[in-house]
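# Per-entry structural report
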Amino acid sequence: MKQYPFLDLGRVNARYAEALRSAGERVIASGRYVGGEEVDALECWLSGITGARYCVGVSNGLDALRLILEGYKVLGRLHVGDVVMVPANTYVASLLAISEAGLRPFPVDPDMSTMNLNAEGAARAMTPDVKAIMTVHLYGRVACDNELHDLAADNGLLLIEDAAQAIGAKGAGGLGDAAGFSFYPTKNMGALGDGGAVTTSDPRLAKAVRMLANYGSDYRYHNVYKGHNCRLDPLQAALIMAKSDDLDGANDRRRKRAEMYSKVIANRGVITPVHPVVPEEHVWHQYVVRVPGFRDRFRDYLASNGVSTDIHYATPPHKQPCYAELSGMHLPVTECLADEVVSLPISDCTSLQDVVEISNIINTFTY
Ligand SMILES: *Cc1c(COP(=O)(O)O)cnc(C)c1O
């Protein structure tokens with residue numbers, strides 16, 4: 001029987017093999033293995049595509065978000081114990097960044113149809129303790145509009161984007177005060193290892209993040225802050241840049257698969273995702289359907305027909321053992337989504353023809 005893998009990174013990266021190899025060889029020959037031109041080139045490229053004035057390459061997406069928050073602490077904009085609003089259905093790393101920075105995550109239900117936080121939900125949940133909103137472009141869909149921007153501005157809040165899943169989406173990384181990106185291998189533009197970046201148009205934050213990521217140092221052997229070692233490797237920077245010419249192409253291919261799924265899937269038991277009015281505002285890191293009531297049977301049925309699926313995410317952060325202090329929160333939309341969501345294959349391992357075949361298998365599922 002034909003198999004439809006959910007994601008096969010070896011196959012995804014095969015198309016870039018030659019460019020990756022020559023990037024690796026260039027770094028070997030350069031003799032420069034921390035910082036340098038390769039990292040500069042990535043920073044220049046990402047600030048260009050996001051429209052942010054500055055970019056700082058860092059070790060991974062979690063560190064990117066944590067360094068933004070720590071940066072605002074050293075600048076006096078945030079203080080220990082401040083509350084940061086965050087969508088409750090995000091990946092746990094969004095909350096971990098807040099906790100690691102000594103702040104308090106305040107998970108809020110997203111909108112059921114977009115599965116993203118919106119201004120209405122954020123306003124409803126707002127309290128005087130909230131000092132920042134971390135919006136998450138979950139599944140690759142931009143979750144920041146003028147209303148959310150105005151809500152943050154009107155309340156004097158920082159607006160931080162978790163753009164880990166949304167590289168290349170229209171506006172992502174240039175919409176808030178600062179944004180964190182991830183180059184984790186499974187992301188839309190993955191490194192061959194860990195990597196991340198911060199974008200911002202705030203020169204003071206950019207400088208603080210760069211220092212915090214490099215032992216808190218502004219120049220050699222001079223340490224202003226008790227910083228970290230959270231730098232981006234030039235090797236990873238070079239490997240990421242080897243894929244940069246194809247970012248829009250890769251995101252377009254994902255968008256075409258998403259459009260095909262939504263066109264062909266016709267099963268009353270399966271709710272397909274709502275597409276944004278502006279297609280470029282979604283880069284479809286995941287194509288997530290909802291299957292209320294019989295998700296496990298649906299996944300078993302697909303598996304028995306060779307289709308691998310995944311769940312993002314089965315356990316929301318506030319139900320994780322590490323967030324016992326949040327376990328009493330009532331977040332009905334998030335808890336409902338956690339029981340219903342199923343991610344279908346959408347990477348470069350899945351052809352448009354595969355999408356049609358998978359959709360037809362879905363259409364023969366009876367509940
Ligand atoms: C992947 C991810 C992160 C963390 O990025 P890493 O590079 O894996 O540390 C943060 N937030 C979201 C929404 C993510 O998907």
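As a starting point, this report considers the structure included with it. (Residues numbered from 1 in each chain as written. Predicted model: local features only at pLDDT ≥ 70, side-chain atom pairs only at ≥ 80, totals over all residues. Heavy atoms only, no water.)

Scanning the chain for helices and strands turns up 13 helices and 11 strands. Since a compact globule built from 367 residues should have a radius of gyration of about 21 Å, the 21 Å found for the chain is in line with a globular shape. Overall size of the chain, expressed as C-alpha extent along the three principal axes, is 65 × 55 × 35 Å. Expressed as a percentage of the 367 residues in the chain, the buried residues total 54%. Sequence-distant contacts in the chain: of pairs separated by 6 or more residues, those separated by 24 or more amount to 70%. As displayed, the chain has an accessible area near 15,700 Å², and 51% of this comes from carbon and sulfur atoms. (Helix = DSSP H or I, 4+ residues; strand = E, 2+ residues; numbered from the N terminus. Rg over C-alpha atoms; globule rule 2.2 N^0.38 Å. Buried < 20%, exposed > 50% of the residue type's maximum accessible area, 1.4 Å probe, protein only. Contact = heavy atoms within 4.5 Å. Areas by Shrake-Rupley, 256 points an atom, 1.4 Å probe, with all protein chains shown as cover.)

Note: strands within a sheet are paired through backbone hydrogen bonds, in either parallel or antiparallel orientation. Here we have seven strands laid out as an open sheet, ordered 1-7-6-5-4-2-3, and mixed in their pairing. Each end of this open sheet is capped by a strand with a single partner; those strands are strand 1 (54-58) and strand 3 (104-108). Each neighbouring strand pair of the sheet contributes to a mean axis angle of 20°, computed without reference to strand direction. For strand 4 (residues 130-136) and strand 5 (residues 158-162), the ladder comprises five bridges, and the chain directions are parallel. Residue pairing for strand 5: Ala132 is matched across the bridge by Leu158. Sitting on the sheet, helix 8 (residues 203-212) is in contact with strand 1, strand 6 (178-182) and strand 7 (196-200), with an inclination near 15° to strand 1. (Pairing = 2+ DSSP bridges. Axes fitted to C-alpha atoms, helices over the stretch in contact; angles between N-to-C directions.)

The next point concerns the pairing of strand 5. The side chains of a regular strand alternate between the sheet's two faces. Most of strand 5 is tucked away, with five of its five residues classed as buried. Judged by which residues are buried, strand 5 turns out to be covered on both faces: Leu158, Ile160 and Asp162 on one side and Leu159 and Glu161 on the other are all buried. Taking the sense of rotation as the criterion, the β-α-β connection linking strand 4, helix 7 (residues 146-154) and strand 5 turns out right-handed. Note that strand 5 and strand 6 share three bridges and pair parallel. Bridged to Asp162 within strand 6 is Gly180. (Right-handed = clockwise from strand over helix to strand, strands pointing away.)

Another aspect to go through is the nonpolar core. If you look at the biggest cluster of nonpolar residues, it comprises 42 residues, and the most contacted ones within it are Leu69, Tyr72, Met134 and Ile160. Breaking this core down by element, the ones donating at least two residues are strand 1, helix 4 (61-74), strand 2 (83-87), helix 5 (92-100), strand 4, strand 5, helix 8 and helix 12 (332-340). It is helix 4 that contributes the most residues to this core, six residues altogether. With sequence-adjacent residues up to four places away left out, Met134 is seen in contact with Leu65, Leu69, Val84, Met85, Val86, Pro87, Ser94, Ile98, Ile160 and Asp162. One finds Tyr261, Phe298, Val355 and Ile361 within the second-largest nonpolar core, a separate group that totals 22 residues. (Core = buried A, V, L, I, M, F, W, Y, C linked by side-chain atoms within 4.5 Å.)

In this section: the site of the ligand. The environment of the ligand is formed by 14 residues, the closest being Gly61, Asp162, Gln165, Ser182 and Lys187. Note that an oxygen atom of the ligand is positioned 2.6 Å from one of the side-chain N or O atoms of Ser182. Across the complex, the protein chains shield 92% of the 380 Å² of accessible surface that the ligand would expose by itself. Elements with a contribution of two residues or more to the shell around the ligand: helix 4 and helix 5. Residue composition of the shell around the ligand, by class: six nonpolar, six polar and two charged. (Near = heavy atom within 4 Å. Polar contact = N/O pair within 3.5 Å; in protein donor to acceptor, adjacent residues only side chain to side chain. Nonpolar A, V, L, I, M, F, W, Y, C, P; charged D, E, K, R; others polar.)

It is at 8 Å that the axes of helix 2 (residues 17-30) and helix 9 (residues 234-241) come closest, and there the two elements cross at 150°. Between helix 2 and helix 9, the crossing angle belongs to the class labelled roughly antiparallel. As for the relative orientation of helix 2 and helix 9, their crossing is right-handed in sense. The segment helix 2 lies against helix 9, with Leu20, Ala23, Gly24, Arg26 and Val27 engaging Pro234, Leu235, Ala238 and Leu239. A class-by-class count of the residues in the contact of helix 2 with helix 9 yields seven nonpolar, one polar and one charged. (Parallel < 35°, antiparallel > 145°, perpendicular 65-115°, else oblique. Left-handed = near helix turned anticlockwise from the far one by under 90°.)

Below, the discussion takes up unusual backbone geometry. Most peptide bonds are trans, and most residues other than glycine sit at a negative phi. For the bond from His312 to Tyr313, the omega torsion is 10°, close enough to zero to count as cis. Its identity as a non-glycine residue notwithstanding, Tyr215 has a phi of 60°, on the positive side. For Tyr215, the position within the fold is in the loop between helix 8 and strand 8 (217-219). Of note in this structure, Trp284 is not a glycine but carries a positive phi near 50°. Assessed through its relative accessible area of 2%, Trp284 is described here as buried.

With respect to the element layout, Met115 can be found in the loop between strand 3 and helix 6 (119-125). Assessed through its relative accessible area of 5%, Met115 is described here as buried. With near-sequence residues (within four places) excluded, Met115 lies in contact with Asn89, Pro110, Leu138, Tyr139, Val288, Arg290, Leu337 and Val341.

Bringing the pattern of salt bridges into the picture now. Taken as a whole and assessed by the stated rule, the structure comprises 14 salt bridges. We note a salt bridge from Arg66 to Glu100, for which the minimum N-O separation is 3.1 Å. With a gap of 34 residues between them, Arg66 in helix 4 and Glu100 in helix 5 connect regions that are remote in the sequence. Under the relative-accessibility criterion, Glu100 is labelled partly exposed at 42%. Between Arg124 and Glu120 there is a salt bridge, with its nearest N and O atoms 3.5 Å apart. In this pair, Arg124 and Glu120 are both assigned in helix 6, four residues apart and thus about one turn of the helix distant. (Salt bridge = Lys/Arg side-chain N within 4 Å of Asp/Glu carboxyl O.)

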